[in-house]
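Reading the structure
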Amino acid sequence: QVQLVESGGGSVQAGGSLRLSCAASGRTFSEYYLGWFRQAPGKEREFVAVISRTGALTYFADSVKGRFTISRDNAKNTVNLQMNNLKPEDTAVYYCAADLSLRDVRIGAPSDWGQGTQVTVSS
């Protein structure tokens, strides 16, 4: 099990950028696949991005491809989500997640979740 704490949320105008960070503690960080999810008001939580253990592989939701990047630093036990060209529809609470299984992250069933950080994009 890992404990996850997100930071970096805030308010930005459309077209702007934000960088979310997630700090992890607990079991060996490098064993985990790490992902980001988001939940907008009145909607279900949805997958945003996932990164492999070494960072060599990344996957993104179609809605954020080309605008978001995900990275990790196994020495610092952190995973980041760089969000560029933000749109009002990106407004949501963003959650960091971790699991030993890539599949479980991709299907939205990771074992560990952070508490979430709010991102608000105004038009």
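These lines cover the structure that appears in this document, whether it is placed above or below. Along each chain, the written sequence defines residue order, and numbers are assigned to residues from 1. Confidence filtering applies because this is a predicted model: local features only for residues at pLDDT of at least 70, side-chain atom pairs given and counted only at 80 or more, and all residues used for totals across whole chains, interfaces and linings. Processing note: side-chain calculations cover all non-hydrogen atoms of the structure and skip hydrogens and water entirely.

**Side note on the nonpolar core**
If you look at the biggest cluster of nonpolar residues, it comprises 36 residues, and the most contacted ones within it are Trp 36, Phe 68, Leu 81, Met 83 and Tyr 94. Helix and strand labels come from DSSP, where a helix needs a run of H or I of at least four residues and a strand needs a run of E of at least two; each type is numbered from the N terminus. Looking at this core, the elements with two or more residues in it are β1 (2–7), β3 (18–26), β4 (33–39), β5 (46–51), β7 (68–73), β8 (78–83), β9 (92–99) and β11 (117–122). A contact between two residues is defined here by any heavy atoms of the two lying within 4.5 Å. What Leu 81 contacts, discounting residues up to four positions off in sequence, is Leu 18, Arg 19, Leu 20, Trp 36, Val 48, Ala 49, Phe 68, Thr 69, Ile 70 and Tyr 94. We call a set of buried residues a nonpolar core when its members are Ala, Val, Leu, Ile, Met, Phe, Trp, Tyr or Cys and they connect through side-chain atoms within 4.5 Å of each other. Exposure is judged per residue with a 1.4 Å probe applied to protein chains only, and the accessible area is read against the type maximum: over 50% gives exposed, under 20% gives buried, and values in between give partly exposed.

**Re unusual backbone geometry**
Of note in this structure, Asn 77 is not a glycine but carries a positive phi near 55 degrees. Tracing the backbone shows Asn 77 in the loop between β7 and β8. Look at Asn 85: it is not a glycine, yet its phi comes out positive at around 50 degrees. Structurally, the position occupied by Asn 85 is in the loop between β8 and β9.

**Some thoughts on the sheet that holds β1**
Strand pairing is defined by DSSP finding a minimum of two bridges between the two strands. One open sheet accounts for four strands, arranged β1-β3-β8-β7; its pairing is antiparallel. In this open sheet, the two edge strands, each paired with only one partner strand, are β1 and β7. Between one strand axis and the next, the sheet turns through 20 degrees on average, direction left out of account. The sheet contact formed by β1 and β3 spans six bridges and is antiparallel. Paired with Glu 6 across the bridge in β3 is Cys 22. As a rule, the C-alpha atoms of each element are fitted with a line to give its axis, helices using only the stretch in contact, and angles between N-to-C directions run from 0 to 180 degrees.

**Side note on the state of the cysteines**
Criterion for a disulfide: a pair of cysteine sulfur atoms at a distance within 2.5 Å. Within the structure shown, the criterion is met by one disulfide. There is a disulfide in this structure between Cys 22 and Cys 96, and the S-S distance comes to 2.2 Å. Judged by the torsion about the S-S bond (-85 degrees), the Cys 22/Cys 96 disulfide is left-handed. One end of the pair, Cys 22, is in strand β3; the other, Cys 96, is in strand β9, with 74 residues separating them in the sequence.

**Some words on the environment of Glu 46**
Here Glu 46 shows up in strand β5. Residue classification places Glu 46 among the partly exposed residues on the basis of a relative accessible area of 35%. For the pair Glu 46 and Phe 68, spaced 22 residues apart in sequence, the C-alpha to C-alpha distance is 15 Å. Excluding residues within four positions of it along the chain, Glu 46 makes contact with Phe 37 and Arg 38. One polar contact links Glu 46 to Arg 38, side chain to side chain, over a distance of 2.6 Å. Think of a polar contact as two N or O atoms within 3.5 Å of one another; within protein, one of them needs to be a possible hydrogen donor and the other a possible acceptor, and neighboring residues in sequence only count if both atoms come from side chains.

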